[in-house]
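# Structure at a glance
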Amino acid sequence: MKNKLLCPRQSASDFMTPEETEKAGDFCKSYISFLNSVKTEREAVQKAIDMAQKEGFVPWKKGMKLKSGDKVYLSRRGKALILCTIGKKSLSEGISVIGCHVDSPRLDLKMKPLYEDSSMAFFDTHYYGNIKPYQWTGIPLALHGYIVREEGQEINIKIGEDASDTRFFIADLLPHLGGKQMRKPLKYAVPAESLDLLAGLRSSPGESGAESVKLNILKILYEQYGITEKDLISAELCAVPSFPASDLGLDRSMVGGYGQDDKVCVYTALSAFLSVKEPEYTACLVFADKEETGSFGIGGMQSSFFPGFISELTEAAGGGNCNEVFSNSLCISADVNTCWYPLYKESFDEHGDARLNHGVVLFRYWGRDGKENTNDADAQTVAAIIKILDKEKILWQTAEGGKVDEEISGTLSRFFANLNIPSVDMGAPLLSMHSPYEAAAKTDIYMTYRAFAAFFKRS
Ligand code: MN
Ligand code: MN
């Protein structure tokens, strides 16, 4: 009776067999190499396309005739992606959607980033997403990006990932001179305008005086990539941590690495999606861009990219009502959640918050000031998801996202819900979220994968 009445949080150490824990470890080996190969939304989208093509996915073209088992994808400028496997049921019975975001906090280069001061060349940055600026100083950084040259040639750039590559960094003030800085509020101790990358010190050969160091950097860029200062205006270049993802802890229970918000859901959802070959309901996996800045832009979840695709799909399946498809669908907004950390007890809800190593997290709402801007999933949707998780014996837990009115955040679920799709949030708990090195438990990552697979297999 006691077991029936209570719904306690359970540790993966009690719930999982040693064999399953080992499987989680193996799964995370592939996850770590995925993390190391994709640090930007473009790299994640390209990697997902490569993996999907190996499974027989083809680019979606308007007017294609589709039948059960067909696999298509649609990329939006290489920065957002929809993957779709046609199910056995008709579209009007609804589809299964998982949406995650492929962008992560980072330091974008400004449009005219290169400048010289005191015979030092810098790349000027404008940070992207909600970061704590002090965390980005004094660590090795890599430069990733994509450039469209004046004559149209497209170039992908990645400097600082191979062991032999050079690195970038942002200098901080030495503690010996940091007295005044240390007395400032943390938010202002490292001003955003000081987050510039030191790019070099040497003058261009034969040149001297003002801008000769900047000129030398431009010369190197031209020799290596054929690009000019003008090409940098349209370029998407950003600095990301260059250290690789790895096991974490003496018991190797965690994965540490940059960009796990939200690549941990991207990888688990993609693995789950590709493993379900013939779903009952049409399965859709959405990788959205710009979540960290409000989901605006053509690849953001607030654009018509996703509903536009579903409307074309509905037409291809013989017509029908797009709103009927949406209203009968079920969506998981797959994103990471905050998790309890005993060294900052004052910010968390000890009873309600998720714990590392306690399974995938189900959460219904966010929002300070009375659940502002939240989806707040309805009871039927949440109950339907719990049923799927329990049927497949998946370890899950709930979360509150910190103490009431402490947190500022939001996920994609509200944008799916705005389309009239019943949606709920689910994902792995993540420690040190938005820092250059975030930590997730391997058991939770594995349970997240299993939860997503169970969802796509629903009947
Ligand atoms: Mn996120
Ligand atoms: Mn985030």
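Look a little higher up for the structure.
Throughout what follows, the structure given in this document is the object of discussion. (Residues numbered from 1 in each chain as written. Chains lettered and ligands numbered in written order. Predicted model: local features only at pLDDT ≥ 70, side-chain atom pairs only at ≥ 80, totals over all residues. Heavy atoms only, no water.)

## Quick word on the coordination of the manganese ion (ligand 2)
Coordination of the manganese ion (ligand 2) by the protein involves Asp 261 (OD), Glu 292 (OE), Glu 292 (OE) and His 434 (NE2), with metal-donor separations of 2.1 to 2.6 Å. Counting gaps between the donor residues of the manganese ion (ligand 2) yields the pattern D-x30-E-x141-H. By relative accessible area, which is 3% here, Asp 261 ends up buried. (Donors = N, O, S within 2.8 Å, 3.2 Å for Na, K, Ca; no water. Buried < 20%, exposed > 50% of the residue type's maximum accessible area, 1.4 Å probe, protein only.)

## What about the layout of surface pockets?
Each pocket or cavity is described by its volume, and for the largest pocket that value is around 1500 Å³. Taken together, 38 residues form the lining of the largest pocket, with Asn 130, Thr 338, Ile 408, Met 433 and His 434 sitting closest to its centre. Grouping the amino acids of the lining of the largest pocket by side-chain chemistry returns 13 nonpolar, 16 polar and nine charged. Considering only enclosed or pocket space, the second largest pocket measures out at about 540 Å³ in volume. Lining of the second largest pocket is provided by 32 residues; of these, Thr 40, Arg 42, Gly 145, Tyr 146 and Glu 236 occupy positions nearest its centre. (1 Å grid on protein atoms, 1.4 Å probe; cavity = no way out; pocket = protein on both sides within 12 Å on 5 of 7 lines; lining within 4 Å. Points joined across faces, edges and corners; volume = space filled by probe spheres on them. Nonpolar A, V, L, I, M, F, W, Y, C, P; charged D, E, K, R; others polar.)

## Remarks on the packing of aromatic side chains
For the structure shown, the criterion picks out 19 aromatic pairs. Ring geometry for Phe 123 and Phe 168: centres 6.1 Å apart, planes at 65°, overall edge-to-face. One end of the pair, Phe 123, is in strand β6 (residues 120–128); the other, Phe 168, is in the loop between β8 (154–159) and α5 (179–182), and 45 residues separate them in sequence. On the basis of relative accessibility, which here comes to 4%, the residue Phe 123 falls in the buried class. Ring centres 5.8 Å apart and planes at 55° place the aromatic pair Phe 455 and Phe 456 in the tilted group. You'll find Phe 455 and Phe 456 in the same group, each marked buried. Each member of the aromatic cluster is reached from another via a ring pair, and the members are Phe 27, Tyr 31, Phe 34, Tyr 267, Tyr 446 and Tyr 449. (Phe/Tyr/Trp six-rings, centres within 6.5 Å; stacked < 30°, edge-to-face > 60°. Helix = DSSP H or I, 4+ residues; strand = E, 2+ residues; numbered from the N terminus.)

## Concerning unusual backbone geometry
Look at the link from Asp 261 to Asp 262: it is a cis peptide, with omega at 15°. When you line up the elements, Asp 262 lands in helix α9 (residues 260–275). Positioned with a positive phi, Glu 211 is a non-glycine residue whose angle comes to about 70°. Relative to the helices and strands, Glu 211 resides in the loop between β9 (197–200) and α7 (212–225).

## Considerations on the coordination of the manganese ion (ligand 1)
In the first shell of the manganese ion (ligand 1), the protein supplies His 101 (NE2), Asp 261 (OD), Asp 335 (OD) and Asp 335 (OD), at 2.1 to 2.5 Å from the metal. Mapped onto the polypeptide sequence, the residues donating to the manganese ion (ligand 1) form the spacing pattern H-x159-D-x73-D. The manganese ion (ligand 2) is placed at 3.4 Å from the manganese ion (ligand 1), the two being bridged by Asp 261. With a gap of 160 residues between them, His 101 in strand β4 (residues 95–101) and Asp 261 in helix α9 connect regions that are remote in the sequence.

## So, the packing of helix α3 (residues 18–37) against α9
With their axes 11 Å apart at the nearest point, α3 and α9 run at an angle of 125° to one another. Overall, the two elements α3 and α9 adopt an arrangement that is oblique. Between α3 and α9 lies a crossing whose hand is right-handed. Mapping the contact onto sequence places Phe 27, Ser 30, Tyr 31, Phe 34 and Leu 35 in α3 and Gln 260, Lys 263, Val 264, Val 266, Tyr 267, Thr 268 and Ser 271 in α9. Partitioned by chemical class, the residues of the contact of α3 with α9 number seven nonpolar, four polar and one charged. (Axes fitted to C-alpha atoms, helices over the stretch in contact; angles between N-to-C directions. Parallel < 35°, antiparallel > 145°, perpendicular 65-115°, else oblique. Left-handed = near helix turned anticlockwise from the far one by under 90°. Contact = heavy atoms within 4.5 Å.)

## Digging into empty space enclosed by the protein
A water-sized probe rolled over the atoms picks out the places where empty space is left. Across all of its chains, the model carries one cavity of 30 Å³ or more by this definition. Put simply, the largest cavity is a space of about 50 Å³. Around the largest cavity, the lining residues are Leu 109, Phe 123, Leu 143, Ile 147, Ile 157, Ile 159, Leu 221, Ile 227, Leu 232 and Leu 237. Those elements that place two or more of their residues in the lining of the largest cavity are β7 (141–148) and β8. Broken down by class, the residue content of the lining of the largest cavity amounts to 10 nonpolar, no polar and no charged.

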